[in-house]
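Fold and contact review
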Amino acid sequence: MPARPPECWTFPRAAFALLLTLTAGPAWAVCPPDGQNFPTLYQDHALFDEAIRRADSYPPSPSPLSGIAVPHHLLVAHLTALGFRAASGARPERIVILSPDHFRRLGRPFAVALQGFDTVFGPVPADRAGGEALLGALGDRAEASCLFGAEHGVHSLLPFVRETFPDVPVIAVGIALRSGEADWTALADALEPLAGENALVVQSTDFSHFLPQAQARARDQEVLNLLAAGSPADLADLHQPDHVDSLGALFVQALLQARRGAEAIVVANENSQTYEEDLVAETTSYMVALWGFPGRNAPPAFGAERVYVAGDTFFGRAMPEALADELSAERVANAVLGVTEGAPLAVNLEGVILPELPPSLPHLTLAMPADVAIPWLKRLNVRGVSLANNHALDLGPAGLAETRAALAASGIPAVGQGEVLSFGKLDLVALTDLDTNADPQTELLTPSVLDALLREGADRAVAGFVHWGREWVTEPSAREEWLIAEMERRGVAVVAGAHPHRAAEDLLLRAGGRTAVAYSLGNFLFDQTTTRGASGALLELTVFPQGTVFSRLRPLPNLFDLARARRAGVPEAD
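Residues numbered from 1 in each chain as written. Predicted model: local features only at pLDDT ≥ 70, side-chain atom pairs only at ≥ 80, totals over all residues. Heavy atoms only, no water.

1. So, the overall build of the protein
Here is the rule we go by: Secondary structure counts use DSSP, requiring at least four H or I residues in a row for a helix and at least two E residues in a row for a strand, with both numbered from the N terminus. C-alpha atoms define the radius of gyration in this analysis, and the globule rule sets the expected value at 2.2 Å times the number of residues to the power 0.38. Remark: exposure states derive from per-residue accessible area (1.4 Å probe, protein chains only) relative to the maximum for the residue type, with buried under 20%, exposed over 50%, and partly exposed in between. Pairs of residues are marked as contacts when any of their non-hydrogen atoms sit within 4.5 Å.
Counting its secondary structure elements, the protein contains 17 helices and 27 strands. Expected size for 574 residues packed as a compact globule is a radius of gyration near 25 Å; at 26 Å, the protein falls within 12% of this value. The dimensions of the protein, computed from C-alpha atoms along their principal axes, are 90 × 50 × 40 Å. When the 574 residues of the protein are sorted by exposure, 59% land in the buried category. Contacts in the protein between residues at least 24 apart in sequence constitute 79% of all its contacts with a sequence separation of at least 6.

And the structure:
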């Protein structure tokens, strides 16, 4: 990596001016006398007060967080406050801060602070015993260092530590920019006993550096997808500083959290261009990530929005009877809304909506009564329906027209091949590679159809909602791999798949992280049982104002089985 000036000197003009007013500059202080703290870099607490106020409405996590990633540029101090606010629901025994060595003063891969710190809000004690244990475990890879006297990667976080967790001791770790994966793994090994159940690991990082916003946005999307997949090994292949200013801090955090079984949720993503009136050639990106245990919710913040995508949805055949009992219906609604919390939902609607069903329909001709389908779509806050599938034409063009009319009358947008459902900064493009169940047609997605995914501007996230593949198979064939590659070439951040009736368990990554693929969301509401192999998941999409998106798979119980749990003796449907 070519040498560059310290990042606080190459900061966009507005942030640079602000930083100069708040720091003592890069002059290097000697270590304070033994038993005394490093003096604060910041003399005015007004910025920290305002940041804390801006984040005060964000709800603390109801379950303890094991880690957070926050910025250290005070231009976005409200994002740093947000991370600490989210973690404030529980008091850790210690806090571990992972910071880059911005000024390249380290002679070894790591530095550890053995002394505490003064802040504008009061002192932050060091966990000296923990620091000494860490130095011992790391051997010649680490040193006690005075770099912490001027390292803003630590100092800019400490006022939030003091305000959120008074008297909680800190282990501050500096990570040399020239360190590598073997060093980072050694640090994670050494930290693991110190970063256990009652510790909070704070990753002090800013993300993409020195790129125009359009390029920075693309690098952010790759990081977001890799964080969603939860693979530390994949993160190690990112570039410093194009993706992040401390790849070591990101890798160590991700490895520690993976070992604990924690998962990440990114709740904020911004770029410094937002704070500049004129376009600048070099920007910095910022994220706030929260690590905790699967199944929890964390709301998006500062202009981000959340959208959910669900798989195969059908309210005919055995579904009306299964949902007729109000207790059963309540269980189903609660299972869905307990995940979505009423956020907008898009579904793949299989079949035809009719005011009255004709008698003796063939089993695989899917039709559903309007007086069941429409109220349920509204009850679950469905804000968009894809009809790009192999059952929308089960009753021909007239049936499709009937379906569209029923949905339009209810205010629910419905889209077909290549058409778009828009949710804030997200365009969800409906696509199908399969058509007409009665007279099957396949390989419908040609390059010209896929061009519906292209966007002139780079400020909107694009997701493909694709009906494809083979029933009951949750891995892509060569055909779907080709389609994924073609969608990636057109700038698609996320792909959500439907048709197999069984949900994939993990996100797939393609093209170095540029595209995250939920290959199959399985069934949402559909009359197929768990014993047959049917399962479902929701794809949670957190869409940020700059047009990036963070994806997360949220497993669901089999909602048909859940509805029938009190209805003993009801035969299985196919």
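2. Remarks on the environment of alanine 563
Looking at where alanine 563 falls in the secondary structure, it is placed in helix H17 (residues 559–563). By relative accessible area, which is 0% here, alanine 563 ends up buried. Sequence separation between alanine 563 and leucine 323 is 240 residues; the distance between their C-alpha atoms is 6.1 Å. Discounting residues that sit within four places of it in the chain, alanine 563 has contacts with Ala322, Leu323, Ser328, Arg331 and Val332.

3. Overview of the packing of aromatic side chains
This is how it is decided: Any pair of Phe, Tyr and Trp rings, taking the six-membered ring for Trp, is counted once the centres come within 6.5 Å. Such a pair is stacked with planes under 30 degrees apart, edge-to-face with planes over 60 apart, and tilted for the rest. Look at NZ for Lys and CZ for Arg. If either is within 6 Å of the ring centre and within 35 degrees of the ring normal, a charge sits over the ring.
The tally for this structure, following the rule as stated, stands at 10 aromatic pairs. With a centroid separation of 5.2 Å and an interplanar angle of 25°, the aromatic rings of phenylalanine 38 and phenylalanine 117 are classed as stacked. Of this pair, phenylalanine 38 sits in the loop between helix H1 (13–22) and helix H2 (46–55) while phenylalanine 117 is found in strand S4 (residues 117–119), placing the two residues 79 residues apart along the sequence. Residue phenylalanine 38 is classed as buried on the basis of its relative accessible area of 1%. Residue classification places phenylalanine 117 among the buried residues on the basis of a relative accessible area of 1%. What links up through ring pairs into an aromatic cluster is the set Tyr42, Phe48, Phe84, Phe121 and Phe160. Across the ring face of tryptophan 376, the terminal group of arginine 379 is positioned such that the distance to the ring centre comes to 4.9 Å.

4. Some thoughts on the environment of asparagine 381
Among the secondary structure elements, asparagine 381 is positioned in the loop between helix H13 (370–379) and strand S16 (382–386). Its relative accessible area of 18% is what places asparagine 381 among the buried residues. For asparagine 381 and glutamate 341, which are 40 residues apart along the polypeptide, the C-alpha to C-alpha distance reads 9.7 Å. In contact with asparagine 381, other than residues within four places in its own chain, are Gly342, Ala343, Pro344 and Leu345.

5. Notes on the state of the cysteines
Simply put, disulfide is the name for a covalent bond between the sulfur atoms of two cysteines. To be explicit about the condition: Two cysteine sulfur atoms form a disulfide, by the criterion used here, when they sit within 2.5 Å.
Scanning the entire structure with this criterion turns up 1 disulfide. Covalent S-S linkage joins cysteine 31 and cysteine 146, the inter-sulfur distance amounting to 1.9 Å. Between cysteine 31 and cysteine 146, the S-S dihedral sits near -120°, and the bridge is therefore left-handed. Of this pair, cysteine 31 sits in the loop between H1 and H2 while cysteine 146 sits in the loop between strand S6 (142–144) and helix H5 (152–155), and the two are 115 residues apart along the sequence. Residue cysteine 146 is classed as partly exposed on the basis of its relative accessible area, which comes to 29%.

6. Considerations on the pairing of S16
The test is simple: We call two strands paired when DSSP finds no fewer than two bridges between them.
Burial analysis of S16 places 4 of its 5 residues in the buried class, the great majority of the element. Pairing of strand S13 (residues 345–349) with S16 involves 4 bridges; the strand directions are parallel. Looking across to S16, one finds that asparagine 348 is bridged to serine 386. Where S16 lies against strand S17 (residues 414–415), 2 bridges are found, and the strand directions are parallel. Along S17, the bridge assignment pairs valine 385 with alanine 414.

7. Details of the pattern of salt bridges
When their charged atoms lie close together, side chains carrying opposite charge are able to pair. Where we set the bar: Any carboxyl oxygen of Asp or Glu within 4 Å of a side-chain nitrogen of Lys or Arg constitutes a salt bridge here.
For the structure shown, the criterion picks out 28 salt bridges. Residue glutamate 419 is joined to arginine 404 by a salt bridge in which the shortest nitrogen-to-oxygen separation is 3.3 Å. Of this pair, glutamate 419 sits in the loop between S17 and strand S18 (420–423) while arginine 404 sits in helix H14 (residues 396–409), and the two are 15 residues apart along the sequence. Residue classification places glutamate 419 among the partly exposed positions, given a relative accessible area of 35%. For arginine 554, the salt bridge is made with glutamate 540, and the minimal N-O distance between the two is 2.8 Å. Taken together, the residues arginine 554 in strand S27 (residues 549–556) and glutamate 540 in strand S26 (residues 536–543) connect sequence positions 14 residues apart. Across the pair, glutamate 540 and arginine 554 agree in class, each one buried. Overlapping salt bridges, with partners in common, bring together Glu263, Arg306, Glu540, Arg552 and Arg554 in one network.

8. Describing the packing of H2 against helix H3 (residues 77–87)
Keep this limit in mind: Whenever a helix is involved, its axis is fitted only over the stretch in contact; in every case the axis is a line through C-alpha atoms, and angles between N-to-C directions fall within 0 to 180 degrees. Orientation categories follow fixed angle ranges, with anything under 35 degrees roughly parallel, anything over 145 roughly antiparallel, 65 to 115 roughly perpendicular, and all other angles oblique. The sense of a crossing depends on the near helix, which, turned anticlockwise from the far helix by less than a right angle, makes the crossing left-handed and, turned clockwise, makes it right-handed.
Running from N to C, H2 and H3 cross one another at 55°; their axes reach a closest spacing of 8 Å. Classified by the interaxial angle, the pair formed by H2 and H3 is oblique. With respect to the hand of their crossing, H2 and H3 are arranged in right-handed fashion. Residues Leu47, Ala51, Ile52, Arg54 and Ala55 of H2 form the contact with H3, whose participating residues are Ala77, His78, Ala81, Leu82 and Arg85.

9. Concerning the confidence of the model for the protein
Operational definition: One number per residue, pLDDT, summarises how confident the predictor is, and it ranges from 0 to 100.
Within the protein, residue pLDDT values average 92, and 93% of them lie at 70 or more. Confidence over residues 1–27 falls short of pLDDT 50; this stretch has 53 contacts with residues more than four positions distant or in other chains. In this model, residues 568–574 is a region of pLDDT below 50 whose contacts with residues beyond four sequence positions or in other chains number 13 contacts.

10. Some words on helix H12 (residues 326–340)
The cut-off we apply is this: Here, expected helix span is obtained from the residue count minus one, scaled by 1.5 Å. By definition, the arc is the one covered by directions from the helix axis to the C-beta atoms.
With 15 residues, H12 extends 21 Å between its outermost C-alpha atoms, agreeing within 8% with the 21 Å of an ideal straight helix rising 1.5 Å per residue. Taken together, the buried positions of H12 are Ser328, Ala329, Val332, Ala333, Ala335, Val336, Val339 and Thr340. Buried residues of H12 fall within an arc of 155° about the axis and therefore sit on the same side. Here the buried face of H12 lies against strand S12 (305–313), helix H11 (319–324), H13, S26, S27 and H17.

11. So, the sheet that holds strand S25 (residues 515–518)
In spatial order, the strands read S18-S19-S22-S23-S25-S24; together these 6 strands make up an open sheet with mixed pairing. The strands lining the two open edges of the sheet, one partner per strand, are S18 and strand S24 (508–510). Between one strand axis and the next, the sheet turns through 20° on average, direction left out of account. Bridging between S18 and strand S19 (residues 426–432) involves 4 bridges; their strand directions are antiparallel. Counterpart to phenylalanine 423 in the pairing with S19 is leucine 426.

12. As for the sheet that holds S27
The strand order across the open sheet formed by 6 strands is S17-S16-S13-S12-S26-S27, and the pairing between neighbours is mixed. Whereas interior strands pair on both sides, the edge strands pair on one side only; in this sheet they are S17 and S27.

13. Section: unusual backbone geometry
A cis geometry characterises the amide bond from glutamine 240 onward to proline 241, with omega recorded as 15°. By the element assignment, proline 241 lies in the loop between helix H9 (232–235) and helix H10 (247–260). Phi is positive for aspartate 167, close to 75°, though the residue is something other than glycine. For aspartate 167, a relative accessible area of 55% gives the class exposed. For glutamate 341, which is not a glycine, the phi torsion comes out positive at approximately 55°. Positionally, glutamate 341 belongs in the loop between H12 and S13.

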